[in-house]
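Residues per chain, in single letters:
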Amino acid sequence: MATSAPENRSTFDDLSPRSLLGYYAAKFRAEFALQLAYRGAMLIWLFGLIIQPLVSLVVWTTVADSNGGEAGGFTTGEYAAYFVVLMVVNHLTFVWHMWEFGWRIQTGFFSPMLMRPIHPVHNDVVENLSFKAMGLIGIVPAAIILAVVFNADFGETSFGNAAAFVPALLLAMALRFILEWTLALAAFWMTKVSAMNDFYTFLSFFLSGMIAPLALLPEPARIVANILPFRWTVSFPVEVLLGQVGSGTIIVGFGVQLLWIAMAVLILRRLWAVAASRYSAVGA
Amino acid sequence: MHALTVICTYVRLGMLNVLQYRGDFIFQIVGILIGLVTSLLTIGIVFNQTDSLNGWTTDDLIALVGIQILMRGVISMVIRPSMQQLMEGVRLGTFDFTLTKPADAQLLASVSQFNAAAVADIVIGLGVLVVSLARLGATVGFADAILFVVLLFAGTVMVYSFLLMLSTCSFWFVKLSNILVIFGTMFENAGRWPITIYPGWFRVTLTFLIPVAVAITVPAQSLTGRLDWQTTMLALGLTALFAVGSRWFWKFGLTHYTGASA
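Note that the structure is predicted; figures quoted are calculated from it, not measured.

**Looking at the overall build of chain B**
Right, on to step 1. Helix and strand content of chain B: 11 helices and zero strands.
Right, on to step 2. Element order for chain B, N to C, with α for helix and β for strand: α-α-α-α-α-α-α-α-α-α-α.
Right, on to step 3. For a compact globule of 262 residues, the expected C-alpha radius of gyration is about 18 Å, and chain B comes in at 19 Å, within 12% of that figure.
Right, on to step 4. Taking all 262 residues of chain B together, 50% fall into the buried category.
Right, on to step 5. When contacts within chain B are restricted to residue pairs at least 6 apart in sequence, those whose partners lie at least 24 apart make up 81%.
Right, on to step 6. Element-wise, carbon and sulfur atoms account for 69% of the exposed surface of chain B, whose accessible area totals about 12,100 Å².
Right, on to step 7. For chain B, the separation between the mean place of its 13 positive charges and that of its 11 negative charges on side chains is 8 Å.

Shown next as structure tokens:
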């Protein structure tokens, strides 16, 4: 696959697992220090990640309340639980690179990254994971407070649900990262990606369960959400933890998540080879 | 007269800027339309389950969305970019030049940027508002229309005063430009719904700390016949208080401004 890429451009397979491990350990330390230095910016991001589910939570609990405590098959407490868990899952799967790649290319920020003998995706994985880990310091207390204030109902959550939640969440994290990182590569071809990003965000708002639980969407939209990766990036882990899906669906869900990850990785490898060889920074 | 010449010059520069970046303008319109469709579909899904959200009907909420888009245009036309520029100027030291110019520094700083592309928000917002009013079959009398315009103006003044106070803080704390992001988040997310649905503490935040309420909910209440005179007086009084307070704070801040390089 490296046929079209010049020699000095990194592919995915240049490093041994051992040196990769060393890279990750050092990079994590550096990244944590960086996040700590810019904790103000971190707080502002967290603010956005809390406000959005909070607004949906308020809207839907209001709907349920005005309907006598239940609407669309969810009680007020179940809506509260749904959006509280969604807030945590959305934070842990959150990826911002689609909004950053255009800037990286225009400013030439990508040039040194591409020169290094290691694939840039590793840098972004570490950045992303350390942001999420640090962010939990704000997100978890916020989730607990909201769960208490809005009387979240976790009555359907069994021990098995909690156990199945962990792999569902990890797979969702991997899938959303690979998927959106691959889509971000569009910036190598287009100078302006904002319209594409707006459209993707629009789809994911509805189809990943951010605006409302998927069960409330019209049938055709639910089918699309099942076929496309959106449900499997955010909504699925939430449904698993809250006991909204049976064990059969959970197993199938893991399969769909793995399938999408495999597909996204394949596309990413093909696309990256072409993208990197097309790269020309402004002024380079 | 002098102030008017200053403003006109900045408007002309802003228009030239849009003409220069036509492609950006198109993408911006696409973004606004996608945001509008998001709002409308969300309202559709909510009203699939209920007939009224805290007393608001579908068309009332569409009117509110129209006002939100309209206000976004009004704010992002001059106020927001100018305040961003002001904070950046304080950080970089270029604000010194603003102070040496022979015009009121607050005026100069407040109109320094003109983002003509915001016209798109204003036109689309007005369009949504007109359609929703037609669907409501509301007969907006002359007095109602005047009150609505006055409240929109009050909302604009309120947001301006709030952002001016934030910017003035940058005389002491240099890295504050990110706070504008918090305002944007509140405006886009929380401003999409009438603040009456939120719990008390959140409503207070949206009224006094991050004034989205006066800017969006109150004008919407006036158009849909939900506004009592107490709320009107409170909104206008609060606006006056913010306007006077921010002017005073600005002058106080200026006496403490030392310049980035000095």
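**Focus: the environment of Trp181 of chain A**
Residue and element names in this part refer to chain A.
Right, on to step 1. One can find Trp181 in helix H7 (residues 159-184).
Right, on to step 2. Considering only alpha carbons, one finds Trp181 and Trp96, 85 residues apart in sequence, at a separation of 8.6 Å.
Right, on to step 3. Residues contacting Trp181, with those up to four places away along its chain left out, are His97, Phe101, His119, Pro120, Val121, Asp124, Leu268 and Trp272.

**Looking at the interface of chain A and chain B**
Right, on to step 1. Taken together, the contact between chain A and chain B spans 30 residues of the former and 30 residues of the latter.
Right, on to step 2. Taken together, the two surfaces of chain A and chain B that pack against each other cover about 2,600 Å², and 80% of this comes from carbon and sulfur.
Right, on to step 3. The tally of links from chain A across to chain B stands at zero salt bridges.
Right, on to step 4. Those elements that place two or more of their residues in the side of chain A that touches chain B are helix H2 (39-66) and helix H8 (194-207) of chain A.
Right, on to step 5. In terms of residue count, the dominant contributor to the side of chain A that touches chain B is H2 of chain A (14 residues).
Right, on to step 6. Class assignment of the residues belonging to the side of chain A that touches chain B gives a composition of 21 nonpolar, seven polar and two charged.

**Side note on the pattern of salt bridges**
Right, on to step 1. The tally for this structure, following the rule as stated, stands at 12 salt bridges over all chains.
Right, on to step 2. In this structure, Glu188 of chain B and Arg72 of chain B form a salt bridge, with 2.9 Å as the shortest nitrogen-oxygen distance. Placement of Glu188 of chain B in helix H8 (residues 179-189) and of Arg72 of chain B in helix H3 (residues 58-92) is noted, with a sequence separation of 116 residues between them.
Right, on to step 3. Linked through salt bridges whose partners overlap, the residues forming this network are Glu100, Arg104 and Asp124 of chain A.

**Regarding the packing of aromatic side chains**
Residue and element names in this part refer to chain A.
Right, on to step 1. Considering all chains together, one arrives at 34 aromatic pairs over all chains under this definition.
Right, on to step 2. With centroids separated by 5.2 Å and ring planes inclined at 40°, the aromatic side chains of Trp103 and Phe109 adopt a geometry described as tilted.
Right, on to step 3. On the accessibility criterion, Trp103 (45% relative accessible area) is partly exposed.
Right, on to step 4. Residue classification places Phe109 among the partly exposed residues on the basis of a relative accessible area of 37%.
Right, on to step 5. Taken together, the aromatic side chains of Trp60, Phe74, Tyr79, Tyr82 and Phe83 make up a single cluster linked through ring pairs.

**Quick notes on unusual backbone geometry**
Right, on to step 1. Of note, Asn151 of chain A is a non-glycine position whose phi angle comes to about 55°, a positive value.
Right, on to step 2. With respect to the helices and strands, Asn151 of chain A occurs in the loop between helix H6 (120-149) and H7.
Right, on to step 3. A positive phi angle is found at Asn54 of chain B, which is not glycine, with a value near 55°.
Right, on to step 4. Within the secondary structure, Asn54 of chain B sits in the loop between helix H2 (22-49) and H3.

**Here we look at helix H9 (residues 200-209) of chain B**
Right, on to step 1. For H9 of chain B, the complete set of buried residues consists of Phe202, Thr205, Leu206 and Thr207 of chain B.
Right, on to step 2. Packing partners of the buried residues in H9 of chain B comprise H2 of chain A together with helix H7 (142-169), H8, helix H10 (212-223) and helix H11 (229-255) of chain B.

**Let's talk about a nonpolar patch on the surface**
Right, on to step 1. A grouping of Trp172, Phe173, Trp248 and Phe252 of chain B is seen on the molecular surface, where their side chains present a nonpolar patch of about 470 Å² in accessible area.
Right, on to step 2. Positionally, Trp172 of chain B belongs in the loop between H7 and H8.

**Here's the deal with the environment of Leu163 of chain B**
Right, on to step 1. Relative to the helices and strands, Leu163 of chain B resides in helix H7.
Right, on to step 2. In this structure, Leu163 of chain B is in contact with Ile79, Arg80, Met83, Leu180 and Phe183 of chain B, ignoring residues within four places of it in sequence.

**Considering the packing of H7 of chain B against H8 of chain B**
Residue and element names in this part refer to chain B.
Right, on to step 1. Direction vectors running N to C along H7 and H8 enclose 155°, while the axes themselves pass 10 Å from each other. Considering their axes alone, H7 and H8 lie roughly antiparallel with respect to each other. By crossing handedness, the relation of H7 to H8 is classed as right-handed. Along the contact surface, H7 presents Val159, Phe162, Leu163 and Leu166, while H8 presents Ile179, Leu180 and Phe183.
Right, on to step 2. A class-by-class count of the residues in the contact of H7 with H8 yields seven nonpolar, no polar and no charged.

**Let's talk about the packing of helix H1 (residues 17-37) of chain A against H6 of chain A**
Any two packed helices are characterised by the angle at which their axes cross and by the distance between the axes.
All names here are of chain A.
Right, on to step 1. Following both chains from N to C, one finds H1 and H6 inclined at 45°, their axes separated by 9 Å at the closest point. What the angle tells us is that H1 and H6 run oblique. Of the two possible hands of crossing, H1 and H6 adopt the one that is right-handed. Counting all contacts with H1, which are made through Leu20, Tyr23, Tyr24, Lys27, Phe28, Glu31, Phe32, Gln35 and Leu36, the residues of H6 involved are His122, Asn123, Val125, Val126, Glu127, Leu129, Ser130, Phe131, Ala133 and Met134.

Rules of the game
Residue positions are counted from 1 within each chain, in the order its sequence is given. Think of it this way: whatever chain is written first is A, whatever ligand is written first is 1, and the rest follow in order. Thresholds applied to this predicted model are a pLDDT of at least 70 for local features of residues and 80 or more for the giving and counting of side-chain atom pairs; totals over whole chains, interfaces and linings are not thresholded and use all residues. Note: side-chain values were computed over all heavy atoms of the structure, leaving out hydrogens and water. Numbering of helices and strands starts at the N terminus; helices are DSSP runs of H or I of at least 4 residues and strands are runs of E of at least 2. Radius of gyration here uses only the C-alpha atoms, and the compact-globule reference equals 2.2 Å multiplied by the residue count raised to the power 0.38. We call a residue buried when its accessible area falls under 20% of the maximum for its residue type, exposed when it is over 50%, and partly exposed in between, using a 1.4 Å probe and counting protein chains only. For this analysis, residues touch if any pair of their heavy atoms sits within 4.5 Å. Exposure was quantified through the Shrake-Rupley algorithm and a 1.4 Å probe, taking into account, for residues, occlusion by the shown protein chains and nothing else. Within this scheme the basic residues Lys and Arg register as positive and the acidic residues Asp and Glu register as negative, but His and the chain ends are omitted. Charge coordinates come from a single atom per side chain, which is NZ of Lys, CZ of Arg, CG of Asp or CD of Glu. Buried area: the accessible area, evaluated with a 1.4 Å probe, that two parts lose upon being put together, summed over both parts. By salt bridge we mean one thing: a side-chain nitrogen of Lys or Arg within 4 Å of a carboxyl oxygen of Asp or Glu. Asp, Glu, Lys and Arg are counted as charged, while Ala, Val, Leu, Ile, Met, Phe, Trp, Tyr, Cys and Pro are counted as nonpolar; the rest, among them Gly, fall into the polar class. Two rings from Phe, Tyr or Trp (for Trp, the six-membered ring) form a pair when their centres are within 6.5 Å of each other. A pair whose planes differ by under 30 degrees is stacked, one over 60 is edge-to-face, and the rest are tilted. Within the patch definition used here, like charges are joined within 9 Å and nonpolar side chains (Val, Leu, Ile, Met, Phe, Trp, Tyr) within 5 Å, considering only residues with over 30% relative accessible area and no salt bridge. Lines are fitted to the C-alpha atoms to define the axes, a helix being fitted only along its stretch in contact, and any angle between axes, read from their N-to-C directions, falls within 0 to 180 degrees. Each angle gets one of four labels, with under 35 degrees taken as roughly parallel, over 145 as roughly antiparallel, 65 to 115 as roughly perpendicular, and the rest as oblique. Crossings are classed by handedness, with left-handed meaning an anticlockwise turn of the near helix from the far one by less than a right angle and right-handed meaning a clockwise turn.

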